[in-house]
Amino acid sequence: MKIMVVGGGGREHAIIKKLKESPAVSEIYALPGNGGMANDATLVPIAAKDIEAIVDFAVKTGIDYAVVAPDDPLVLGAVDALQEKEIPCFGPDRRAAIIEGSKVFSKNLMKKHGIPTAAYEVFSDMEAALSYLDTAPIPTVIKADGLALGKGVIIAMTREEAKDAVRSMMEDKVFGKSGDNIVIEEFLIGPEVSVLSFTDGETVVPMISSMDHKRAGDNDTGLNTGGMGTVAPNPYYTADIAAQCMETIFLPTVRAMKAEGRTFKGCLYFGLMLTENGPKVIEYNCRFGDPETQVVLPLLESDLLTVMQAVTNGTLKDVDVMFSDKHACCVIMASNGYPSAYAKGYAIAIPEAIADNVYVAGAKLSDGKLLTDGGRVLGATAVADSLADAIKASYALVDQIHFDNKYYRTDIGARAMQAKVEG
Ligand code: AMP
Ligand code: GLY
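So, a few notes on the structure that sits alongside this text. (Residues numbered from 1 in each chain as written. Chains lettered and ligands numbered in written order. Predicted model: local features only at pLDDT ≥ 70, side-chain atom pairs only at ≥ 80, totals over all residues. Heavy atoms only, no water.)

### Some points on the pattern of salt bridges
Following the criterion strictly, the structure yields 19 salt bridges and no others. The salt bridge partner of Glu185 is Lys143, with a shortest N-O separation of 3.0 Å. Placement of the pair is Glu185 in strand 9 (residues 182-186) and Lys143 in strand 7 (residues 140-144), with a sequence separation of 42 residues. The class of Glu185 is buried, set by a relative accessible area of 4%. The buried category is assigned to Lys143, whose relative accessible area is 5%. The salt bridge involving Lys344 is made with Asp373; its shortest N-O contact spans 3.9 Å. (Salt bridge = Lys/Arg side-chain N within 4 Å of Asp/Glu carboxyl O. Helix = DSSP H or I, 4+ residues; strand = E, 2+ residues; numbered from the N terminus. Buried < 20%, exposed > 50% of the residue type's maximum accessible area, 1.4 Å probe, protein only.)

### Regarding the site of ligand 1
Contacts to ligand 1 come from 15 residues, most closely from Glu185, Glu186, Leu188, Glu192 and Glu283. Glu185 has a polar side-chain atom sitting 2.8 Å from a nitrogen atom of ligand 1. Here an oxygen atom of ligand 1 and a side-chain polar atom of Glu192 are 2.4 Å apart. In isolation ligand 1 has 470 Å² of accessible area, and contact with the protein removes 90% of it. Where the shell around ligand 1 is concerned, the elements lending two or more residues are strand 7, strand 8 (153-156), strand 9 and strand 17 (278-285). Of the residues contributing to the shell around ligand 1, the split by class is eight nonpolar, no polar and seven charged. (Near = heavy atom within 4 Å. Polar contact = N/O pair within 3.5 Å; in protein donor to acceptor, adjacent residues only side chain to side chain. Areas by Shrake-Rupley, 256 points an atom, 1.4 Å probe, with all protein chains shown as cover. Nonpolar A, V, L, I, M, F, W, Y, C, P; charged D, E, K, R; others polar.)

### Some words on the sheet that holds strand 11 (residues 204-206)
The strand order across the open sheet built from four strands is 11-10-16-17, with neighbouring strands paired in antiparallel fashion. Where the open sheet ends on each side, the last strands, each with one partner, are strand 11 and strand 17. In this sheet, neighbouring strand axes are inclined to one another by 35 degrees on average, regardless of whether the strands run parallel or antiparallel. The sheet contacts of helix 9 (residues 239-259) involve strand 10 (192-199), strand 11, strand 16 (266-275) and strand 17, and relative to strand 16 the element is tilted by about 130 degrees. (Pairing = 2+ DSSP bridges. Axes fitted to C-alpha atoms, helices over the stretch in contact; angles between N-to-C directions. Contact = heavy atoms within 4.5 Å.)

### Thoughts on the packing of aromatic side chains
Inspection of every chain in the model, using the stated rule, returns eight aromatic pairs. For the ring pair Phe270 and Tyr284, a centre distance of 5.8 Å and an interplane angle of 70 degrees mean the geometry is edge-to-face. With Phe270 in strand 16 and Tyr284 in strand 17, this pair connects stretches of sequence that are 14 residues apart. A relative accessible area of 0% places Phe270 in the buried class. Joined through ring pairs, the aromatic side chains of Phe90, Phe198 and Phe288 make up one cluster. (Phe/Tyr/Trp six-rings, centres within 6.5 Å; stacked < 30°, edge-to-face > 60°.)

### Here's the deal with the packing of helix 6 (residues 103-113) against helix 9
One way to put it is that helix 6 packs onto helix 9 with a least axis distance of 10 Å and a crossing angle of 105 degrees. One element, helix 6, and the other, helix 9, form an angle in the roughly perpendicular class. For the pair helix 6 and helix 9, contact is made by Phe105, Leu109 and His113 and by Ala256, Met257 and Ala259, respectively. Residues that form the contact of helix 6 with helix 9 fall into these classes: five nonpolar, one polar and no charged. (Parallel < 35°, antiparallel > 145°, perpendicular 65-115°, else oblique.)

### As for a negative patch on the surface
A cluster of acidic residues, Asp125, Glu127, Glu171 and Asp172, forms a negative patch on the protein surface. Structurally, the position occupied by Asp125 is in the loop between strand 6 (120-123) and helix 7 (126-132). Assessed through its relative accessible area of 42%, Asp125 is described here as partly exposed. (Patch = residues over 30% accessible without salt bridge, like charges linked within 9 Å, V, L, I, M, F, W, Y side chains within 5 Å. Lys, Arg positive; Asp, Glu negative; His and termini not counted. Charge placed at Lys NZ, Arg CZ, Asp CG, Glu CD.)

### Some thoughts on the site of ligand 2
All residues in the neighbourhood of ligand 2 are listed as Asp212, Gly226, Tyr269, Asn285, Arg287, Gly289, Asp290 and Glu292. A distance of 2.9 Å is found between an oxygen atom of ligand 2 and a side-chain nitrogen or oxygen belonging to Arg287. One nitrogen or oxygen atom from the side chain of Glu292 is found 2.8 Å from a nitrogen atom belonging to ligand 2. Summarising the interface, the protein chains cover 87% of the accessible area of ligand 2, which totals 200 Å² for the free molecule. Classifying every residue of the shell around ligand 2 gives one nonpolar, three polar and four charged.

### Quick look at helix 6
An α-helical turn contains 3.6 residues, so any two residues separated by three or four positions project in the same direction. Lys103, Val104, Phe105, Ser106, Lys107, Leu109 and Met110 are the residues of helix 6 that are buried. N-capping of helix 6 is provided by Ser102, with a side-chain oxygen placed 3.4 Å from the backbone N of Val104. Just downstream of helix 6, Gly114 is the residue with a positive phi angle, here 65 degrees.

Below is the structure:
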């Protein structure tokens with residue numbers, strides 16, 4: 001089968017590497033992919049948001065199955081456009097992708113269907129939002145309604161900070177139309193867990209849990225990033241909590257989407273916070289997480305293509321989705337300065353022997369040489385019998401990978417180790 005994967009980051013590299021293991025797969029095309037994937041897929045220089053060109057390519061090439069990985073093309077309706085040409089696809093259609101595309105939609109969905117989440121108010125009028133903040137509990141959380149490159153969430157520790165955030169979103173329009181409406185919500189406290197799931201709109205199969213490390217610096221300091229590393233499974237996510245999440249969050253969400261006429265098929269990502277009052281939803285994503293995918297898929301023992309096709313065909317209840325009981329750790333190697341300004345264009349050296357463990361996010365090929373070309377450059381993932389060994393092994397990989405201006409956190413997995421000690 002000819003497979004096409006839309007997107008170009010480390011997550012897509014992890015999806016491609018897993019799909020390559022499938023005996024049914026003969027060719028994989030990455031649109032646009034990046035230079036670091038050239039050994040695993042045919043790179044096609046079509047941007048992930050260029051839906052017309054994506055559909056054209058798929059039709060001309062005779063693509064048998066498409067995977068749309070990033071949020072933008074999903075929210076823009078890439079799956080709908082491919083389905084119109086009868087190309088089977090993994091990913092939600094536009095009506096379902098709104099669960100990530102609009103925070104106002106997802107908050108209202110949770111309220112209506114009794115799914116636990118932070119208390120909130122929605123505002124379309126700036127003055128109303130500002131006067132609400134005169135008395136709102138502090139800290140508080142301000143969220144732009146629409147997609148904002150992962151930067152649309154501000155945790156405000158003071159009233160003034162909260163008001164500045166509202167003004168920047170609603171008056172200065174730093175996120176464009178994404179800030180026309182905003183959500184102001186209750187600040188929650190507790191360990192965070194990422195749970196990706198496969199769902200065909202009826203059945204929901206959670207994948208192994210994981211823990212992201214969003215801040216740029218060690219000990220969770222510095223700016224928010226796309227994610228600096230992950231471990232799986234997440235030790236805070238016990239079997240009891242998993243059962244509770246299935247009852248109160250996962251199934252109710254899938255049923256709610258169906259009831260709203262927005263049946264969700266694809267990977268539904270639950271960003272959870274384990275609060276004193278039980279697990280609550282912090283955010284939904286309509287896609288695989290990055291860099292969660294780089295620790296979750298290496299632990300998947302079932303054939304990814306088979307599972308994806310079952311999602312598309314609505315037969316997920318008939319397939320076994322098996323995960324290994326090992327542990328995985330992914331350390332992101334970034335360009336120093338990320339997520340603010342950084343230099344790029346430095347040669348990357350990855351020893352051949354560890355290439356299978358590396359998921360490249362931001363690199364390009366120039367005269368046959370691989371050069372850094374983004375903030376997050378690559379992720380190094382190790383799998384081992386224990387969390388401690390997985391962490392050690394992933395840092396051993398990092399030590400063998402070289403490029404100028406490299407930066408990485410040195411404490412990926414430390415909080416998870418601490419959780420294990422606390423029991
Ligand atoms: P998001 O972009 O929705 O993933 O939010 C980014 C991060 O902000 C989350 O991973 C949380 O760490 C934090 N966050 C979001 N909403 C809340 C909340 N209501 N209370 C506390 N932290 C939050
Ligand atoms: N790692 C969080 C995300 O993919 O949005």
